[in-house]
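Read off the chains here:
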Amino acid sequence: MTGARRNPLRFWPQYVAVSPFFLLFAAFGLFPLAFSAWLAFHRWDGISPVTFAGFDQFRFLVADATFRKAVVNTIIIWIMATVPMLFMSLGLASMLNSVKRFRTLYQVILFLPSVTSIVAVVIFFKAIFDNQVGVVNQVLEAIGLSGVQWLNGYWTIKIVLAVIMTWQWVGYNAIIYYAGLQAISGEVYEAAKLDGAGPLRTFWSITVPLLRPVIIFTVVVSTIGGMQTFAEPQVLFGSNASINPNSGGPGQAGLTMVLYFYQQAFNNNNYGYGAAIAYGVFAIVAVFTLINWRITARAEK
Amino acid sequence: MAAHDTATVDRKGPSRPAPVQKGKSVRNAAKWAHLPMVVASLLLLFPFYWTVVMATNTNADYYATPPKVVPGTHLLENIASVLTSINFFGSMANTAIVAVSVTVLVLFFDSLAAFAFAKYDFPAKKFLFGLMLAFFMVPAQLSTVPQFITMINIGWVGTLQALIVPAAANAFGIFWMRQYISTSIPDEILDAAVMDGCGFFRQYFLVVLPVIRPGLAFLGIYTFVQAWNDYVWPLIVLINPDMLTLQVALSQLNVSRGTDYAVVMAGAVLAIIPLIVVFLAFSKQFVADSVKGAVR
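Residues numbered from 1 in each chain as written. Chains lettered and ligands numbered in written order. Predicted model: local features only at pLDDT ≥ 70, side-chain atom pairs only at ≥ 80, totals over all residues. Heavy atoms only, no water.

### Section: the packing of helix H6 (residues 88-119) of chain B against helix H10 (residues 171-184) of chain B
Residues and elements named next belong to chain B. The line we're drawing: Note on geometry: axes are C-alpha line fits, over the in-contact stretch for helices, and angles between N-to-C directions span 0 to 180 degrees. Only DSSP runs of H or I reaching four residues or more are called helices, and only runs of E reaching two or more are called strands; each is numbered from the N terminus. These descriptions rest on fixed angle ranges, namely under 35 degrees for roughly parallel, over 145 for roughly antiparallel, 65 to 115 for roughly perpendicular, and the rest for oblique. By definition, turning the near helix anticlockwise from the far helix through less than a right angle yields a left-handed crossing, and turning it clockwise yields a right-handed one. The contact rule is simple, with two residues in contact once any of their heavy atoms fall within 4.5 Å. Polarity classes work like this: nonpolar for Ala, Val, Leu, Ile, Met, Phe, Trp, Tyr, Cys and Pro, charged for Asp, Glu, Lys and Arg, and polar for all others, with Gly in that last group.
Their axes nearest at 8 Å, the elements H6 and H10 cross at an angle of 55°. Considering the angle they form, H6 stands oblique to H10. In terms of crossing hand, the pair formed by H6 and H10 is right-handed. Judged by residue contacts, Asp110, Ser111, Ala113, Ala114, Phe115, Phe117, Ala118 and Lys119 of H6 engage Gly173, Ile174, Met177, Arg178, Ile181 and Ser182 from H10. Grouping the constituent residues of the contact of H6 with H10 by class yields eight nonpolar, three polar and three charged.

As structure tokens, then:
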């Protein structure tokens, strides 16, 4: 199908076919990206004249204690959610791989949370973790423990956010691991069995190494997603009218990087600083993704 | 593929003879694996059940000790409160318009571009494809502020096209459909179509489109779910209270009726039901194709 002469005009239908994406991206992706870079060096509230700020926004960002708090929050929440979640996903995947019946049913149930509205999910968790009357506290009191002010404490807020993220994505990751397990041939396991390896040994020495590419994929995706957490804290503290709903709740314990970006850009109309934060977030996400990718890629040789 | 196999196994059900070569211990292990699967399933399903329980009882019941554990009879009055608090049907209609338009446009633009990338060789193709993948990695919030300013300048703030147009084609879909087309359409069929005088677009409509329906089904439901659940961008760009999408309207309900859990949960149930219906209707296809896509 390749033309003998590579005259670009002969290929106009192909260029027409790929152009919608590139036109849309030029207008709504590339141009904003450049505009964003320009904005980060200026001060603008959307109404007053734009003034040049040089590196001031970035200098302020590096010194900004609230931004630092948001970075630390985001990393803590991400670790609390991702590490236990991926281990649970791996366990669920091997269980799914060893059951014979109801596999399709289990797969649909595992998938369901990840296709559910995040707003509805957060509202649900807000209700059951309610400081006074939430079901979680009622259960704790019923078994003789005292209730916890879940939505008030530095660590408890992070636990609630991590639980929400785990609930939504544990099954999704399990499905991906399960797909990886399906690709491992049964002969490898037969051989391990003949060599006298127990189930735990088999899991660590065969399953995990062979799943490495899939594990790297899930770690990278979870890192990118976790570093950009926004809707969970935004909705969780959305009805907290006493303070700015976008400040991450009591003590700003749920203030994530992207939530802080949203607050600065769209509550304070601080567009220039918002753009600087966006570039800061981008740099942190890139570095974190790279580190995680290197660690998981090296962990098992 | 694996998921299709398991689907067949499930349909055969319990009458299927156990594999002879496996020992007794293996079969017992398989049986025991159901226990954690059932526990996990219950934990994952519990929020859906509890949302229904809260949506069908009164707010006072929510504060009762011990907590109510079975659905009540107050769903209709809770729904009535939802309808007076937010413009529910309006925002539902907005969400449906956005999700359907985005899905149709994405399916058309992405599969057309994917066809060109999969089956044709044209100057700068590798560069364009690489460029597309590079764009794919750029995080969304980098362009949020300027995109909002752009929308102000072209007068699209508060309109649905602000949600539809920027989402009308995407790198993920092109990438996924390219994989699908290159494995599912043999070059011979296309050569035959060329012999019959079919140009690029007639090949797309007459040969490619009918064959890639299953691939489009997966991309379609994926795109629909994403568009239906999108939250951040609609929250920023839809400022007029009459023009919200469902997710934003639901978060407004959470703000205004925050402690009336019965009403807020009724809203959540109403917002999730259409999505769950769509998901369950296509779930087998969706799960199977996600599994395939994940290990590619």
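On we go from here.
### Observations concerning the pattern of salt bridges
In plain terms, the rule: Think of a salt bridge as a Lys or Arg side-chain nitrogen and an Asp or Glu carboxyl oxygen that are within 4 Å of each other. Buried means the residue's accessible area, taken with a 1.4 Å probe over protein chains only, is under 20% of the maximum for its type, while exposed means over 50%, and partly exposed covers the values in between.
Throughout the structure, instances matching the rule amount to four salt bridges over all chains. In this structure, the salt-bridge partner of lysine 68 of chain B is aspartate 61 of chain B, at a minimum N-O distance of 3.7 Å. Judged by relative accessible area, aspartate 61 of chain B falls into the buried class, the value being 17%. The salt bridge partner of lysine 119 of chain B is aspartate 187 of chain B, with a shortest N-O separation of 2.9 Å. A residue pair is termed long-range when its members are at least 10 positions apart, and lysine 119 of chain B in helix H6 and aspartate 187 of chain B in helix H11 (residues 187-195) qualify at 68 residues. What emerges from the salt-bridge pattern is a single network uniting Arg43, Asp56 and Arg59 of chain A.

### Things to note about the interface of chain B and chain A
How big an interface is tends to be stated in terms of accessible area lost as the parts join. Just so we agree on the cut-off: Defined in terms of a 1.4 Å probe, buried area is the accessible area two parts forfeit on being brought together, summed over both. A 3.5 Å cut-off defines polar contacts: any pair of N or O atoms within that distance qualifies, except that in protein one atom must be a possible hydrogen donor and the other a possible acceptor, and neighbouring residues in sequence count only when both atoms are side-chain atoms.
Every contact between the two is made by 99 residues of chain B and, on the other side, 87 residues of chain A. Summing both partners gives a buried area of about 8,500 Å² for chain B against chain A, and 77% of it is carried by carbon and sulfur. Between chain B and chain A we count zero salt bridges in total. On the surface where chain B and chain A come into contact, there are 10 residue pairs in polar contact (both at pLDDT 80 or more). Element by element, the count of residues in the side of chain B that touches chain A is highest for helix H16 (residues 261-295) of chain B, at 16 residues. Its residues assigned to classes, the side of chain B that touches chain A shows 75 nonpolar, 18 polar and six charged.

These figures capture arrangement, not role.
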